[in-house]
Amino acid sequence: MERPSWDEYFMDIARLVARRSTCLRRQVGAVMVKEKNILATGYNGTPSGIAHCAETGCLREHLKVPSGERHELCRGLHAEQNAIIQAARHGVNISGAILYCTNSPCIICTKMLINAGIRRVVYLDGYPDTLSMDMLHEAMIEVALFRDLASTPAGGE
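My aim in this report is to walk through the structure given alongside it, one point at a time.

Glancing now at the layout of surface pockets. To locate leftover empty space, one rolls a probe as large as a water molecule over the atoms. In this structure, the largest pocket spans a volume of roughly 400 Å³. Around the largest pocket, the lining comprises 29 residues; the ones closest to its centre are Cys23, Asn44, Arg60, Cys74 and His78. Looking at the lining of the largest pocket, the elements with two or more residues in it are α3 (59-63) and α4 (79-89). A per-class count over the lining of the largest pocket returns 13 nonpolar, 11 polar and five charged. Of the voids in this model, the second largest pocket is the one considered here, and its volume is about 300 Å³. For the second largest pocket, the lining is made up of 16 residues, of which Tyr43, Thr46, Pro47, Ser48 and Asn82 are closest to its centre. For the lining of the second largest pocket, the secondary structure elements donating two or more residues are β2 (37-43) and α4. Looking at side-chain class alone, the lining of the second largest pocket contains four nonpolar, 10 polar and two charged residues.

If a residue is not glycine, its phi is most likely negative; likewise, a peptide bond is most likely trans. Positive phi outside glycine occurs at Lys36, with the angle close to 65°. Its place among the elements puts Lys36 in the loop between β1 (29-34) and β2. Although it is not a glycine, Lys64 adopts a positive phi angle of roughly 60°. Structurally, Lys64 is set in the loop between α3 and α4.

Moving on: the nonpolar core. Counting residues in hydrophobic clusters, the biggest one holds 20 residues, and the most contacted among them are Ala30, Met32, Ile94, Leu99, Leu113, Ile118 and Val121. Those elements that provide at least two residues to this core are β1, α4, β3 (98-103), β4 (120-125) and α6 (130-138). One finds Phe10, Val31, Val33 and Leu124 within the second-largest nonpolar core, a separate group that totals 14 residues.

As enumerated under the stated definition, the model contains five salt bridges in all. One salt bridge connects Asp12 with Arg15, and the closest N-O pair in it is separated by 2.7 Å. Note that Asp12 and Arg15 are positioned in helix α1 (residues 6-18) at a spacing of three residues, about one turn of the helix. Residue Asp12 is classed as partly exposed on the basis of its relative accessible area, which comes to 41%. A salt bridge links Glu61 to Arg25, with the shortest nitrogen-to-oxygen separation between them at 2.9 Å. A residue pair is termed long-range when its members are at least 10 positions apart, and Glu61 in helix α3 and Arg25 in the loop between α1 and β1 qualify at 36 residues. On the accessibility criterion, Glu61 (46% relative accessible area) is partly exposed. Here the salt bridges share partners, and the residues they tie into one network are Asp7, Arg120 and Glu142.

With that out of the way, let us pick up the sheet that holds β4. Sheet architecture is open: five strands sit in the order β2-β1-β3-β4-β5, paired in mixed fashion. Edge positions in the sheet fall to β2 and β5 (142-145), since each of these pairs with one other strand and no more. In this sheet, adjacent strand axes meet at a mean angle of 20° when their direction is disregarded. Sheet topology places β4 next to β5; four bridges connect them, and they run parallel. From the neighbouring strand, Arg120 faces β5, where its bridge partner is Glu142. Those strands touched by α4 are β1, β2 and β3, and its axis lies near 130° from that of β2.

Rules behind the numbers
Residue numbers run consecutively from 1 along every chain, following the written order of its sequence. Totals for whole chains, interfaces and linings use all residues, but because this is a predicted model, local features are given only for residues with pLDDT of at least 70 and pairs of side-chain atoms are given and counted only at 80 or more. To obtain the side-chain values, all non-hydrogen atoms of the structure were included, while hydrogens and water were left out. Space inside and on the surface of the protein is sampled on a 1 Å grid over the protein atoms alone, with a cavity defined as a set of points where a 1.4 Å probe fits but cannot get out and a pocket as an open set with protein on both sides within 12 Å along at least 5 of 7 lines; lining residues have an atom within 4 Å of a point. Grid points are joined across faces, edges and corners, and a volume is the space filled by probe spheres set on the points. Starting at the N terminus, helices and strands are each numbered in turn, a helix being any DSSP run of H or I of at least four residues and a strand any DSSP run of E of at least two. For this classification, Asp, Glu, Lys and Arg are treated as charged, while Ala, Val, Leu, Ile, Met, Phe, Trp, Tyr, Cys and Pro are nonpolar and the rest, including Gly, are polar. Buried residues of nine kinds, namely Ala, Val, Leu, Ile, Met, Phe, Trp, Tyr and Cys, make up a nonpolar core once their side-chain atoms join them within 4.5 Å. The cut-offs for exposure are 20% and 50% of the maximum accessible area for each residue type, with area from a 1.4 Å probe on protein chains only; residues under the lower value are buried, those over the upper are exposed, and the others partly exposed. Throughout this description, the term salt bridge denotes a Lys or Arg side-chain nitrogen within 4 Å of a carboxyl oxygen of Asp or Glu. Only strands that DSSP links by at least two bridges are regarded as paired with each other. Angles here are taken between N-to-C directions and fall from 0 to 180 degrees, while the axes themselves are lines fitted to C-alpha atoms, restricted in helices to the stretch in contact. We call two residues contacting when some pair of their heavy atoms lies within 4.5 Å.

Written out as structure tokens, the structure is:
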């Protein structure tokens with residue numbers, strides 16, 4: 001039996017975390033990792049104690065807002081935002097951490113990740129936001145598409 005690489009292991013966990021999502025449009029999971037230890041996880045959905053979109057309906061769907069636009073027209077938080085918030089809430093320092101996420105971050109999450117000190121982003125699927133990728137590169141944060149890592153024997157750290 002072949003053991004998964006660290007990148008495969010943490011991306012599998014991000015996929016599992018995504019299954020907790022309450023978003024009707026896209027299920028996203030995020031895992032913050034430092035020194036091969038999970039610091040925080042997050043999935044996209046409404047804040048704690050607020051009705052889920054399955055109950056209220058999706059405002060973005062109703063208004064026909066395209067993916068990647070008008071983030072303020074959503075009741076939910078992104079997976080990356082929830083992971084950052086969970087770390088802060090529990091006093092966990094994520095500076096220097098790696099983010100494993102089932103989608104590449106949007107521009108709002110990217111700005112938060114830069115200021116939080118994330119050093120590497122590994123993502124499974126793209127997101128229609130080229131500005132976020134430009135800013136990650138400008139901030140010298142390593143960005144890796146998971147399928148490219150999975151095809152290499154080393155498979156990450």
